[in-house]
Amino acid sequence: SPEMSEDQKELCRYAGLWYLEQKETIKGCRLIFRTVGTLVGRDEIVPFTTALDALFAEKMYSDLVFEAAERRFDPADEGYPLRISVYYRYGVSLYYLKRYKEALVQLQSAANAGYPEDELSYYMAESLKELRRVNEAIPWAEKACASSPRDRRFRALLVSLYNADGRRKDAERASRGN
């Protein structure tokens, strides 16, 4: 934040990372996020994404995730590829909080930025399914299955979508993994 000197920010980031190592995720994230302005800078990206990863790994879909997602990223920065994962994590967090329309926006941003498709496609399909937009969900579920054919969650989702759309033969074929 603007009232902190660069030395104070650096100390705060190190303390935050230490708390993350001690499994005190919330405390560590709060310290790290305090040091980050509205535009995440080059020195902030690694601690920032580390904190976000910790929240995500522990399924802590809380206001901290939303606070993190409010930050903006500069596409010209060399760290930008790391940052596109923020859109994905925020989208998944919104999905688990049953905020499906908002989840779609963030997941689409991740897709547009080139985030890998398997899990992203799954959550796009799930969000669309929850919004009862089955016809739009099917291609996303098909992409998820194509990228990870052995993933049972992906196949079960595709089968349920085909059934919801009245496509019984496609559902039977998908349930066999064909």
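Before reading on, note that the structure itself is shown above.
Within any chain, residue numbers begin from 1 and follow the written order of that chain's sequence. Local features in this predicted model are restricted to residues of pLDDT 70 or higher, and side-chain atom pairs are both shown and tallied only at a pLDDT of 80 or more, whereas totals for entire chains, interfaces and linings draw on every residue. The basis for every side-chain value is the complete set of non-hydrogen atoms in the structure, without hydrogens or water.

Section: the environment of Ser121
Put simply, the rule reads: Helix and strand definitions follow DSSP, with helices as H or I runs of at least four residues and strands as E runs of at least two, each counted in order from the N terminus. Exposure is judged per residue with a 1.4 Å probe applied to protein chains only, and the accessible area is read against the type maximum: over 50% gives exposed, under 20% gives buried, and values in between give partly exposed. Think of a polar contact as two N or O atoms within 3.5 Å of one another; within protein, one of them needs to be a possible hydrogen donor and the other a possible acceptor, and neighboring residues in sequence only count if both atoms come from side chains.
By the element assignment, Ser121 lies in helix H7 (residues 117-130). On the accessibility criterion, Ser121 (0% relative accessible area) is buried. Separated by 22 residues in the primary sequence, Ser121 and Lys143 have C-alpha atoms spaced 6.3 Å apart. At 2.7 Å, the side chain of Ser121 forms a polar contact with the backbone oxygen of Glu117.

Let's talk about the environment of Lys27
Secondary-structure assignment places Lys27 in helix H2 (residues 25-34). Taking the C-alpha atoms as reference points, Lys27 and Leu17, 10 residues apart in sequence, are found 9.7 Å from one another.

A few points about the nonpolar core
The line we're drawing: By nonpolar core we mean a set of buried residues, namely Ala, Val, Leu, Ile, Met, Phe, Trp, Tyr and Cys, connected to one another through side-chain atoms within 4.5 Å. Contacts are assigned to residue pairs with any non-hydrogen atoms lying within 4.5 Å of each other.
Core analysis: the largest hydrophobic core is formed by 34 residues, its most contacted members being Tyr88, Leu107, Leu120, Tyr123, Ala125, Leu158 and Leu161. At the level of elements, helix H5 (80-96), helix H6 (100-112), H7, helix H8 (134-147), helix H9 (152-164) and helix H10 (168-175) are the ones that each hand at least two residues to this core. Leave out the neighbours within four places in its chain, and Tyr88 touches Phe56, Leu107, Ala110, Tyr115, Glu119, Leu120 and Tyr123. Core analysis: the second largest hydrophobic core is formed by 11 residues, Phe33, Phe48, Ala51 and Val86 among them.

Let's talk about unusual backbone geometry
Residue Lys23 is not a glycine yet carries a positive backbone phi of 65°. With respect to the helices, strands and loops of the structure, Lys23 is situated in the loop between helix H1 (6-21) and H2. The class for Lys23 is exposed, based on a relative accessible area of 65%. Positioned with a positive phi, Lys98 is a non-glycine residue whose angle comes to about 60°. Tracing the backbone shows Lys98 in the loop between H5 and H6.

By themselves, these are just geometric observations and shouldn't be taken as functional.
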